[in-house]
Amino acid sequence: MTNILWYLTAFLASSSVLPNGTPWLQTVSAQYLLGLGIGDITGPVVETNMMGYASLAQTDTGLHMRERSRAFIVADASAPSNRFVFINADIAMGDSGVRRSIVANLSSQFPGVYTDSNIAFVGTHQHSGVGGYLENLLPQITSLGYVKQTADAIVTGTVLAVQRAHASLAPGKLRLGNATILNANINRSPTAYLANPSDERARYEFDQDKDMTLLRFDDLNGNARGFLSFFAVHGTSLYENNTLVSSDNKGMAAYMYESLVEPNSFPGNATFVAGFTQSNVGDTSPNTLGAFCESPGQPFDGQACEADHSTCGGTVEDCHGRGPGFRISDFESNRIIGEAQFTGAQTIMNGPLSDVHGTVKTVHTYMTMANHSFTLPNGTTVSTCPAAMGFAFAGGTTDGPGAFDFIQGDNSSTPQNPFWEIVKGAVTPLPSTTQISCQGSKPILLNTGFAHTPYEWAPNSVDIQMLRVGNFVMLIMPGELTTMSGRRIREAVRAQLISSGVLGADAYVVVAGPANVYAHYVATREEYGVQRYEGASTIFGPFTLEAYIDKYTSLVSFLADNATGTPASDPPPPEQTSKAISLQTPVVFDAAPFGSKFGAVMTDVQTQTSYQEGDTVSTLFVGADPRNNLRLEGTFLTVDQLVAGQWKTVRTDSHPSTIYRWTRVNTVLGTSSVNISWTIESGTPAGTYRLSYFGDAKPLIGSLSSFTGTSSSFSVA
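Just so you know, these numbers come straight off a predicted model, no measurement behind them. (Residues numbered from 1 in each chain as written. Predicted model: local features only at pLDDT ≥ 70, side-chain atom pairs only at ≥ 80, totals over all residues. Heavy atoms only, no water.)

**A short note on the overall build of the protein chain**
Next up, step 1: Across its full length, the protein chain carries 13 helices and 36 strands.
Next up, step 2: Expected size for 717 residues packed as a compact globule is a radius of gyration near 27 Å; at 25 Å, the protein chain falls within 12% of this value.
Next up, step 3: Here the C-alpha coordinates of the protein chain stretch approximately 80 × 75 × 50 Å along the principal axes.
Next up, step 4: The proportion of buried residues among the 717 residues of the protein chain is 59%.
Next up, step 5: Look at the contacts in the protein chain between residues 6 or more apart in sequence, and 76% of them connect residues 24 or more apart.
Next up, step 6: As displayed, the protein chain has an accessible area near 26,200 Å², and 54% of this comes from carbon and sulfur atoms.
Next up, step 7: Placing the 41 positive and 60 negative side-chain charges of the protein chain at their respective mean positions leaves the two points 5 Å apart. (Helix = DSSP H or I, 4+ residues; strand = E, 2+ residues; numbered from the N terminus. Rg over C-alpha atoms; globule rule 2.2 N^0.38 Å. Buried < 20%, exposed > 50% of the residue type's maximum accessible area, 1.4 Å probe, protein only. Contact = heavy atoms within 4.5 Å. Areas by Shrake-Rupley, 256 points an atom, 1.4 Å probe, with all protein chains shown as cover. Lys, Arg positive; Asp, Glu negative; His and termini not counted. Charge placed at Lys NZ, Arg CZ, Asp CG, Glu CD.)

Structure below.
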């Protein structure tokens, strides 16, 4: 069959006109229709709190690398209504409000094709992205409420990514492989992991998963179009003191791979799509050198933090994890951990892989986690609890320490400071004896499941979702599973798939999350009892993991080849966005200093001598607030090279070698400045270059006006 006929087949099979296929379509030799796409989801890169560390001080001041959503569509060629779209987004976690908007957009554009059931919205769990997009109140507190501009950017870019993936649908093949990646993650709560049974721990070489699993997307000729990889490592390579929006180690890995395959394409414009997906991330860290005390003048400065509580001199504030490149630069650890995943994916892509064969199936339902009763395998009836955060939640982690006298590993019934017993009742309702009993060894700091004013502080209902293609099953999880939690649920679901006859002994199961709605952590019961950060953040109580295992295994039959119907469902999470409060100050107006204009050069490049590889060249411009125009699918800057008398763009704000920094000079006068910098990479051709800045100014009265600033030309030798 010619290429045009193949594409015609793909188009017809993917359209809502023929949602179930036709007999002649069922004779197509390709088993799958595959689509891949990328979209820009970068929200406001200044004057907005960043999402992940929950630090009021971490307000963004510029851009290192843009955030992206990468969409992967898999459809059964013989029954194309059997399909799913997996969205891997460079954000901290999925969210019910954002997902609701994405589903509404896609189901309207593609009626009957993309639905609530077959759309998975998964975050890479990076901690250097724009915040304010989650619709529950607790994660909004540090962002001064809801930031609609952030949420809208995520929705717009994600829908665009799916549109592009849908437009690229073509027959293809899937292959599966894995590899071991060392020196890319450690367990940041090893003392909690040790609470798990010794015979269970003895089955594993490490106290965190070292395997990367990769699903390769090929065309019919065996040429790679992209991949989805799954590996557990926190997106905390960029520290809490970073204020430049970026995509952390998984975004870096994606950039590396996509630019390797298509070196002449700008970031975000490649047709090859590299998906680096988060897995059972809960207790992992990229800060592989361990956690040390950064306490100048103290006798414990430079020493390892106290192990059980992650303290230095009794407090957690000075205990910081160190990445492999922390002494070199702010971004070197990010590059190293990203490169480790890039290399792992490259090893799998170039090595032996097994073919994936079999139908495509999805199952999705909602489960109310507060007071959910179920029966354990031993016959005991247990229950989850309404949400609550423990005292150790405020102790933070070695990736991002807490404050005051909160520590990790505190499961005493009496906190160190009785002041917090008084304060906590003023923030959320005091817990009842029933809630205290249900939460067990967790001393409750924030009783979020009972806090409903001005709207819900925490989720109550969560998405339960599984995606199957052939023998490969993805558990789309609404929380951060610890290493052992992930192992247990993977094994339980795999055993159920095999024992029920849905799949054979080659069944392969992976965890992907945090996805769809953010339900915080999932620790094992044993880890929960230790009450480090992960246990204190397991909001639905000690039986949270068992509840998920019970529910996911109960839905395995819906993944069978001949499965029909949909499972019973609890109500979805209630819509909160319309109630959202925002205290973020909007852009009032921009102004240039007297006698100047927007885009004017304030500090220029050096023109008398040449720059060398490794040098950083920069220009300071008269600026305007970038919140005026996010420039989605565009750029705030370019590095241009003079080629045959014409300026040719060679770098944008999505390249890791460029940085865009914005500074508010005078709030009353509305003035600001922008610093554009480029660190010249090894192998950069000698020649003449310039830096360009693109902005949009808001007058006190009137509409936005676009402008451009350009540095003097400079030489690279």
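**Points about a nonpolar patch on the surface**
Next up, step 1: Among the surface-exposed residues, Leu56, Leu144, Ile581 and Leu583 lie close enough to one another that they form a single nonpolar patch of about 400 Å² accessible area.
Next up, step 2: Within the secondary structure, Leu56 sits in the loop between β2 (46–51) and β3 (59–63). (Patch = residues over 30% accessible without salt bridge, like charges linked within 9 Å, V, L, I, M, F, W, Y side chains within 5 Å. Salt bridge = Lys/Arg side-chain N within 4 Å of Asp/Glu carboxyl O.)

**Thoughts on the state of the cysteines**
Next up, step 1: This model, assessed by the stated rule, comprises 3 disulfides.
Next up, step 2: Between the sulfur atoms of Cys293 and its disulfide partner Cys312 the distance amounts to 2.1 Å. The S-S bond linking Cys293 to Cys312 shows a torsion near -95 degrees; that makes this disulfide left-handed. Placement of Cys293 in strand β15 (residues 290–293) and of Cys312 in the loop between β15 and β16 (319–322) is noted, with a sequence separation of 19 residues between them. Like Cys293, the residue Cys312 is buried in the burial classification. (Disulfide = S-S within 2.5 Å.)

**What about the pairing of strand β34 (residues 687–697)?**
Next up, step 1: Note: strand β30 (residues 637–643) against β34, 5 bridges, orientation antiparallel. Residue pairing in the sheet places Gln641 in a bridge with Tyr689 of β34.
Next up, step 2: Sheet analysis places β34 next to strand β36 (residues 714–716), joined by 3 bridges and oriented antiparallel. Counterpart to Thr688 in the pairing with β36 is Ser715. (Pairing = 2+ DSSP bridges.)

**Observations regarding the UniProt feature "binding site: Zn(2+)" (unreviewed entry) in the protein chain**
Next up, step 1: The positions that UniProt labels "binding site: Zn(2+)" (unreviewed entry) are, in the present scheme, His125, His234, Glu480 and Tyr521. Separation in sequence by 397 residues is not matched in space for these annotated residues, since their most distant C-alpha atoms are only 12.9 Å apart.
Next up, step 2: As for its position among the elements, His125 is in the loop between β6 (119–123) and β7 (129–130).
Next up, step 3: Residue His125 is classed as buried on the basis of its relative accessible area, which comes to 2%.
Next up, step 4: Once residues within four sequence positions are removed from consideration, His125 is found in contact with Ile91, Ala92, Met93, His234, Gly235, Gln278, Val281, Glu480 and Pro514.
Next up, step 5: In this fold, His234 is placed in the loop between β11 (224–231) and β12 (244–245).
Next up, step 6: Among the polar contacts made by the side chain of His234, one reaches the main-chain carbonyl oxygen of Thr284 at a distance of 2.9 Å. (UniProt positions renumbered as here; feature names shortened; annotations may be inferred. Polar contact = N/O pair within 3.5 Å; in protein donor to acceptor, adjacent residues only side chain to side chain.)

**Section: the environment of Ser259**
Next up, step 1: Among the structural elements, Ser259 can be located in helix α6 (residues 248–261).
Next up, step 2: The class for Ser259 is partly exposed, based on a relative accessible area of 24%.
Next up, step 3: Note: C-alpha distance between Ser259 and Ala270 (11 residues apart in sequence) is 7.7 Å.
Next up, step 4: Side-chain polar atoms of Ser259 contact the backbone oxygen of Tyr255, separated by 2.7 Å.
Next up, step 5: A polar contact of 3.1 Å, which involves the side chain of Ser259, links it to the backbone oxygen of Met256.

**Describing the sheet that holds strand β24 (residues 472–476)**
Next up, step 1: On the basis of which strands lie adjacent, the open sheet formed by 4 strands has the order β18-β23-β24-β26 and mixed pairing. The strands lining the two open edges of the sheet, one partner per strand, are β18 (360–368) and β26 (508–512). Going across the sheet, the axis of each strand differs from the next one's by a mean of 15 degrees, ignoring polarity.
Next up, step 2: Sheet analysis places β18 next to strand β23 (residues 461–469), joined by 9 bridges and oriented antiparallel. Within β23, the position partnered with Tyr366 by the bridge is Asp463.
Next up, step 3: Relative to β26, helix α10 (residues 483–499) is tilted by about 140 degrees, and along the sheet it contacts β23, β24 and β26. (Axes fitted to C-alpha atoms, helices over the stretch in contact; angles between N-to-C directions.)

**Some points on unusual backbone geometry**
Next up, step 1: The omega torsion across Thr453 and Pro454 is -5 degrees, close enough to zero to call that bond cis.
Next up, step 2: Residue Gly513 is joined to Pro514 through a cis peptide bond whose omega torsion reads 5 degrees.
Next up, step 3: Assignment of secondary structure puts Pro514 in the loop between β26 and β27 (521–522).
Next up, step 4: Phi is positive for Asp248, which is not a glycine, with a value near 55 degrees.
Next up, step 5: Structurally, Asp248 can be placed in helix α6.
Next up, step 6: Assessed through its relative accessible area of 0%, Asp248 is described here as buried.
Next up, step 7: With phi around 70 degrees, Asn516 is a residue other than glycine that occupies positive phi space.

**Description of the environment of Val556**
Next up, step 1: Looking at where Val556 falls in the secondary structure, it is placed in the loop between α13 (544–554) and β28 (601–603).
Next up, step 2: We classify Val556 as buried; its relative accessible area is 0%.
Next up, step 3: In this structure the C-alpha to C-alpha distance between Val556 and Arg494, which are 62 residues apart in sequence, comes to 9.3 Å.

**Regarding the pairing of β2**
On a regular strand, each side chain points to the face opposite its neighbour's, so the side chains alternate between the two faces of the sheet.
Next up, step 1: With respect to burial, β2 is a largely interior element, 5 of its 6 residues being buried.
Next up, step 2: Pairing analysis gives 2 bridges linking β2 to β3, with the strands arranged antiparallel. For Asn49, the partnering residue across the bridge sits in β3 and is Thr59.
Next up, step 3: Pairing between β2 and β7: 2 bridges, direction antiparallel. For Met50, the partnering residue across the bridge sits in β7 and is Val130.

**Concerning the side chain of Gln576**
Next up, step 1: Summarising the element assignment, Gln576 is placed in the loop between α13 and β28.
Next up, step 2: Here the side chain of Gln576 touches Glu456 through a polar contact of 2.9 Å, landing on its backbone nitrogen.
Next up, step 3: At a separation of 3.3 Å, a polar atom in the side chain of Gln576 contacts the main-chain carbonyl oxygen of Pro574.
Next up, step 4: Leave out the neighbours within four places in its chain, and Gln576 touches Glu135, Asn136, Tyr455 and Glu456.

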